[in-house]
Each structure stands twice: as C-alpha cells, then as structure tokens.
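The residues making up each chain are set out below.
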Amino acid sequence: MDAIRYRRGNQPAFAAALCLMAGVAVTASEAPLRDAPIVWHEDDRRDIPPPDERDPNLSRDAIESSLFRPMGRLFDPGRFVRRVGTLFGGDHVRTAANVNTLDEVPNSSWFTNRIGLFPITPADAARGPLTGPGPDRSGIWTVIGGKTQGVTPGFTIRDASGDIFFIKFDAPGYARMATAASVISGRIFHNAGYNVPEETIVEFGRNELVVGDDVELELPDGSERTMTETDLDDILQRVALSGEGTWRALAGKLLPGENSGPFDWRGRRNDDPNDTVNHEDRRELRGLQIFAAWLCHFDTKQENTLDMYVEEDGRRFLRHYLIDLASTLGAAANGPIQPFCFEYSVDFAAILGRVLSLGLIQDRWRRLERPPDIDEVGYFESEIFEPNRFKASKPTAAFANLTDRDGYWAAKIISAFNDNHIDAMVEQGKYANPDAARWIARVLAERRDKIARYYFERVPPLDFFVYEDGVLRFHDLGTERGIYSVSSSRYRVRVAASTADRRCGRWTTWRELEETVANLEQFFGREELSSVPISESPFLAVEVQLTRGASWSSTTTVFLARRSGRVVAVDR
C-alpha cells in the first residue's frame, strides 16, 4: 500500500507527556503502534441471515432529527466539555471510529476508496458506476410498473436483455435540470467512493414501449389497478417532449439484491451483525456533509438511502447505498427553491434570527439568482457559497459529528477531481444548452477550491508519506492541486525516538525544507537517529509543519518503524 499512498496524492493523555509537549494529540481510541501492514479493508462482509426490511416512521424521524436530537446534543455534558476544550485544541466530538492508523477510511460495504487513493482518467470518471451502456435498445422495452402520483409520473421497464430500469422525468417547466443533476452527482459520489445506482440519460419514442401483462398501476390515492396502454399514453402526455415524438428521461438500473430499507444516520442496525460502528461515528457519513455541500445535495434524509442484501463470493451481507440524487446542483423535485442548502426545512435558528432582526438583515439565500438565459440550471452558484454553512433539509446526526479531520478527509478527495474529471462527468448530463454544462462545471470547480482552501487551512494538507533508505517523502496537496503557490510554501521537520504508546525521547532541532523531501539521515545523522536502542523505542516520530509565509502550521506527526522502515501511523 505504500505505492498507493505515494501515487495519490483530542484530548491529550498524560501518559504521553513527552509527545504531548511536542504537540502530538493522543486519544483513548488510538491503539499502540505496531510494525505491521496497514488495515485497508473493514471486515463487514461476513455472511449474515436475511435482515428484515426496515420501514422507519418518517414523520417521527423528522421530528426527532429536527428537534429532539439537536436538543440532546446541545445539552449533552460530555459534548459541552469537549466544545469548551476546542479553545485549547482538539475537537468537539471524538475521532471517527472507523479510520486506520493513517487516518484513512478502509474499504467496506459502505465505501470503496477510488479517486482519493488511486488515479482515475476522465473516461473512468465519466463511466462512474456503470457496468453497461444503460437499457438495451435492441428490442422493445416492456413496461412492468407505473405510477401517476408525485410531481412527475414514471414507470418501470424491462429492457431487451431482461434488466429492469426505473424511468423518471424532469418536473414540468424544468427540462433536463433534475435528470442531468442526478447523473452527474451519481458519478461524483461513485468516483469519491460511495455506492450509488447506475443511471443514464435516455431518449425514446412511444413505439419502443409496450405494457406487459397484469401490470399494476399505482394511483394518486394509493390504490392500484391493472395498467393499460391508455394509461401509458396518459403518463407520457403529462411529460414534455424533448424532440419530435421523443421523450428524455433518467433510466436508473434496479440495484442488485433484496431491498432491506434505508439506513439511519445514527446508531446501528440490530439485525446486521456486521454493523459494529455507530453510523454517526463513521467518517464516510460524517464527511458526506462536505460532498453534499459541494453538490448542494440538500435532500439527505434517510429515505434517500438504501440497504441491499447482496450476495458476493458466496457470502450474503448488506451493502449501503445513496439513492435519489436528483435534488442536487440547484435542482429539486418541484424545481429550484432558493433556501435549499442554506436552511433546514424547519430552521428554528433562522426563524428566530428573522424575528429578532425585524427583517432588517437579509437572508443570504435571497441574493441567489439563476444564471440568465440558462433554463436548465437552478440556484447553483459559487460566489456566496461557504463550505461550513451548508444545511441539509434537516439536521443529521452524522453531520453534527463532523470534525476538521473528517472535513479534511472529504476535502482532499474533492480536490482530487480536476477540471477534466468534472468536464467529463458533466458531459454525461447531456444538457441541450452548452452554456448549462459550462456553468455547472465552472461552479463545481470553484466550490471544490473553496472547500479545499477552507479545510487545508485547518488541517495541514501534508499527506501520503513514504519512507525509503532514510528519506521521507510526502505530498503538499495544497500546492499540487493549485490552491497555494509553490514559491510561498516551506516545510520543516524534526525527529525523536518513540515507544509503541507514542512516548517520545529527546527531539532534534527543526530543519527547514524547500521541497517535500526530508533526508533524515543526512539532516540528523545516522548515529543520532540510532542513539536510542530499538528495543527501547522501536519507532521514529517525525513532526512536519508547513508555512505559506506567515506562521508555522499545526503539526502532522508520522511514525516510522525503525526495523522495517514502514510508515505505521499518521497523527494530525
């Protein structure tokens, strides 16, 4: 895994007083250092019995998420003490529970490292989660289900190859807006590492559809009856044509496995023995807030998640998905709405602020305007966007636990998407107006850079450390990804011998660097580095700091195994 890391780019414990003096934060959750390979795979795909389909009470969940859980967090004494402790360093909640010793998220049924650790091409980015080209067009599509309720009607088809797809349309008057957003955002989430459905844009004519036998049609009152060809005609008449006799739609492939219902943003599933980490303590769910901020994905309620009971290599387990990504990039089911991503659906703080200000202070979202003469784009902009002020439709337990380290993890993945990746993904939205594609791509790039700058200023973007033949090499993601200039960046390092529990001996003096390469033996001498016996202190602690021309940053500490030369831990 050293090669992988090279390519890609708390409260202190008194038992570690010497390292504490050097600025190393040690938490109770940190295991002793081990000269062993890094854990890159979470053991959460063991064979389990079929779980029940989870069907939460959505009204009760909305009340709990918007009122009772936030009040509980506000008056939690442990959280209050940690919040006060942030004045002296540390964070308001405990470190994420599922990170490895390099402060990375291992692969699991929740998340698979992709662009964050491995280089991908624009073509890979454009393909995203697709395993094929979309619905098979070599024969007739058979309609096997339909609905007339909701903002837009839709139906389910079985294509010529027997695969099942859900066909969804844009809201009336907002052609291409939501369908494009869903395709683009799905590719972004997949390339970042999340599980999402396979979605493509399709255009079809009426002659390519036929209603199957005994198909149930879901009516607005919730009842069902047998669907007819006339019903299909009625559905299509409610949707605007995209061309002469053709319709544009989003085709989402049926996920593999059995539907087990949505996952919650807190706690664990009682019927899943593999679910051993509280969801609010999973970094990929905490950090999802930053991806949601990037894409203006306000509709992150648990109904837009899904657990699927799947079979893989003879084992059956739950895989966790994000679904229904159309409410992104300024789009929404009913069309764009200004307050989305700026306020909760029921935002007591915003309401109180308006009351106390007597309306004299204008809400930020009232300054939003849609781009002129680009009907396919909603309220999606980068000028007033602030990464730390994003709000979903309702408060989320995992988002409430976001720390700067979680945000940094998300920001470095987001900053790995270059402009070519973004252009390739936006192209899959198939906007009719080229200006719409250019607008979305530009805003995504500008929001990306704002997110990177915000978190790189809080957590030094020094990463992907490799130690070889006495030389420590690392990456400054801030300069590599164009956030800061190379000429204004300098670094410094110092070294100490360390025990397995991070107790450090005498530190060397600081040595300054102009590049992200430190020849430790040349700087400090082989004799000095080996002056403490390996049996007493089997590790080296290397502190690294950076400056952009003002003061030195906080410290990133890298622990090296002296016998093997392996990088065994990174503390931020």
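Note that the structure is a prediction, hence the values are computed from the model and not measured.

A.B. asks: Run through the packing of helix H9 (residues 288-295) against helix H12 (residues 404-414), naming residues and quoting values.
C.D. replies: Packing of H9 against H12 leaves a shortest axis separation of 8 Å and a crossing angle of 45°. In terms of orientation, H9 lies oblique with respect to H12. The element H9 and its partner H12 pack so that their crossing is right-handed. Seen from H9, the contacting residues are Ile290, Phe291 and Trp294; seen from H12, they are Gly407, Trp409, Ala410, Ile413 and Ile414. Of the residues assigned to the contact of H9 with H12, the class counts are 7 nonpolar, 1 polar and no charged.

A.B. asks: Before we move on, can you summarise the nonpolar core with the specific residues and values?
C.D. replies: Grouped together as the largest cluster of nonpolar side chains are 97 residues, with contacts concentrated most on Phe291, Trp294, Leu444 and Leu520. Of all the elements, helix H14 (residues 434-456) adds the most residues to this core, at 11 residues. In this view, Trp294 contacts Ile188, Phe380, Ile414, Phe417, Ile422, Leu444, Arg447, Arg448 and Ile451; residues no more than four positions away in its chain are not counted. In this structure, Phe155, Phe204, Leu217 and Ala249 belong to the second largest nonpolar core, which totals 22 residues.

A.B. asks: Give a detailed account of the state of the cysteines, specifying residues and quantitative values.
C.D. replies: Applying the stated criterion across every chain yields a total of 1 disulfide. Two residues share a disulfide in this structure: Cys296 and Cys341, whose sulfurs sit 2.1 Å from each other. Judged by the sign of its S-S torsion, about 110°, the cystine formed by Cys296 and Cys341 is right-handed. Placement of Cys296 in the loop between H9 and strand S10 (305-312) and of Cys341 in the loop between strand S11 (315-322) and helix H10 (348-357) is noted, with a sequence separation of 45 residues between them. The exposure class assigned to Cys296 is buried, which follows from its relative accessible area of 6%.

A.B. asks: How would you summarise empty space enclosed by the protein if you had to cite specific residues and measurements?
C.D. replies: Taken as a whole, the largest cavity holds about 110 Å³ of empty space. The class makeup of the residues in the lining of the largest cavity is 9 nonpolar, no polar and 5 charged. In this structure, the second largest cavity encloses a volume near 60 Å³. Together, Cys296, Phe298, Thr328, Gly330, Ala331, Pro336, Ile337, Gln338, Phe340, Leu368 and Tyr379 line the second largest cavity. Of the residues belonging to the lining of the second largest cavity, the class tally is 8 nonpolar, 3 polar and no charged.

A.B. asks: Got a sec to walk through the side chain of Ser109? Specific residues and values, please.
C.D. replies: Positionally, Ser109 belongs in the loop between helix H4 (77-85) and helix H5 (122-127). Of the residues examined, Ser109 reaches a relative accessible area of 1% and is grouped as buried. Engagement of the side chain of Ser109 in a polar contact is seen with the backbone oxygen of Leu318, the distance being 3.5 Å.

A.B. asks: Tell me about helix H6 (residues 177-192), residues and numbers included.
C.D. replies: The end-to-end C-alpha distance of H6 is 23 Å, a good match for the 22 Å that 16 residues give at a rise of 1.5 Å each. A positive phi of about 140° marks Gly193, the residue just after H6.

A.B. asks: Report on the confidence of the model for the protein, specifying residues and quantitative values.
C.D. replies: Residues at a pLDDT of 70 or more form 91% of the protein, whose mean pLDDT is 89. Within the model, pLDDT remains below 50 along residues 1-29, and this stretch shows 65 contacts once partners closer than five positions in the same chain are excluded.

A.B. asks: Give a detailed account of the pairing of strand S8 (residues 246-253), specifying residues and quantitative values.
C.D. replies: Remember that side chains alternate between the two faces of the sheet whenever the strand is regular. With 6 of its 8 residues buried, S8 lies for the most part within the structure. Bridge count for strand S3 (residues 164-168) against S8 is 4 bridges, and the pairing is antiparallel. Residue Lys168 lies in a different strand from S8, and its bridge partner there is Leu250. Strand direction decides the pairing type here: strand S4 (residues 199-205) and S8, joined by 7 bridges, are antiparallel. Looking at S8, one finds that Phe204 is bridged to Trp247.

A.B. asks: Now, about the environment of His279: what can you tell me, with residues and values included?
C.D. replies: Within the element layout of this structure, His279 appears in the loop between strand S9 (258-259) and helix H8 (283-286). Taking the C-alpha atoms as reference points, His279 and Ala397, separated by 118 residues in sequence, lie 8.4 Å from one another. Setting aside residues up to four positions removed in sequence, His279 forms contacts with Trp110, Phe263, Asp264, Trp265, Arg266, Gly267, Arg268, Arg269, Leu285 and Ala398. Here Asp275 takes part through its side chain, which lies 2.8 Å from a polar atom of the side chain of His279.

A.B. asks: Describe the sheet that holds S11, and please don't skip the residues or the numbers.
C.D. replies: Spatially, S9-S10-S11 is the arrangement adopted by the 3 strands of the open sheet, whose pairing is antiparallel. Both outer strands of the open sheet, S9 and S11, are each paired with one neighbouring strand and no more. Of the pairings in the sheet, the one linking S10 to S11 comprises 8 bridges and is antiparallel in character. In the strand pairing of S11, Met308 is matched with Arg319.

A.B. asks: Tell me about the packing of H6 against H9, and name the residues and values.
C.D. replies: Between H6 and H9, the shortest axis-to-axis distance is 11 Å and the interhelical angle comes to 150°. What the angle tells us is that H6 and H9 run roughly antiparallel. H9 is crossed by H6, and the crossing has right-handed handedness. Facing H6, whose interface residues are Ser185, Ile188, Phe189 and Ala192, H9 presents Leu288, Phe291, Trp294 and Leu295. Residue composition of the contact of H6 with H9, grouped by class: 7 nonpolar, 1 polar and no charged.

Conventions we followed
Every chain is numbered independently, its residues counted from 1 as its sequence is written. Since the coordinates come from a predicted model, pLDDT governs what is reported: local features require at least 70, and pairs of side-chain atoms require 80 or more to be given and counted, while whole-chain, interface and lining totals use all residues. Derived side-chain values reflect all non-hydrogen atoms in the structure, with water molecules and hydrogen atoms excluded from consideration. Comment: axis = line fitted to C-alpha atoms, over the contacting stretch for helices; angle = value between 0 and 180 degrees taken between N-to-C directions. Helix and strand definitions here come from DSSP, where helices need a minimum of 4 consecutive H or I residues and strands a minimum of 2 consecutive E residues; each element is numbered from the N-terminal end. Should an angle fall under 35 degrees it is called roughly parallel, over 145 degrees roughly antiparallel, and 65 to 115 degrees roughly perpendicular, with every other angle called oblique. If you view the pair so one helix is near and one far, a crossing is left-handed when the near helix is turned anticlockwise from the far one by less than a right angle, and right-handed when it is turned clockwise. Whether two residues touch is decided by their heavy atoms; if any such pair falls within 4.5 Å, the residues are in contact. Polar here means any residue outside two lists: the nonpolar Ala, Val, Leu, Ile, Met, Phe, Trp, Tyr, Cys and Pro, and the charged Asp, Glu, Lys and Arg; Gly therefore counts as polar. In this description, a nonpolar core means a group of buried Ala, Val, Leu, Ile, Met, Phe, Trp, Tyr and Cys residues linked to one another through side-chain atoms lying within 4.5 Å. Three exposure classes are used, based on accessible area relative to the maximum for each residue type with a 1.4 Å probe and protein chains only: buried under 20%, partly exposed in between, and exposed over 50%. Disulfide: a pair of cysteine sulfur atoms within 2.5 Å of each other. Residues are said to line a cavity or pocket when one of their atoms sits within 4 Å of a point; the points come from a 1 Å grid over protein atoms alone, cavities being sets where a 1.4 Å probe fits but cannot get out and pockets being open sets with protein on both sides within 12 Å along at least five of seven lines. Grid points are joined across faces, edges and corners, and a volume is the space filled by probe spheres set on the points. Distance and chemistry together define a polar contact, namely a pair of N or O atoms within 3.5 Å, with one atom able to donate a hydrogen and the other to accept it when in protein, and with adjacent residues in sequence counting only for side-chain atoms on both sides. Multiplying one less than the number of residues by 1.5 Å gives the expected span of a helix. A residue's pLDDT is simply how confident the predictor is in it, with values from 0 to 100. A pair of strands counts as paired when DSSP detects no fewer than two bridges linking them.

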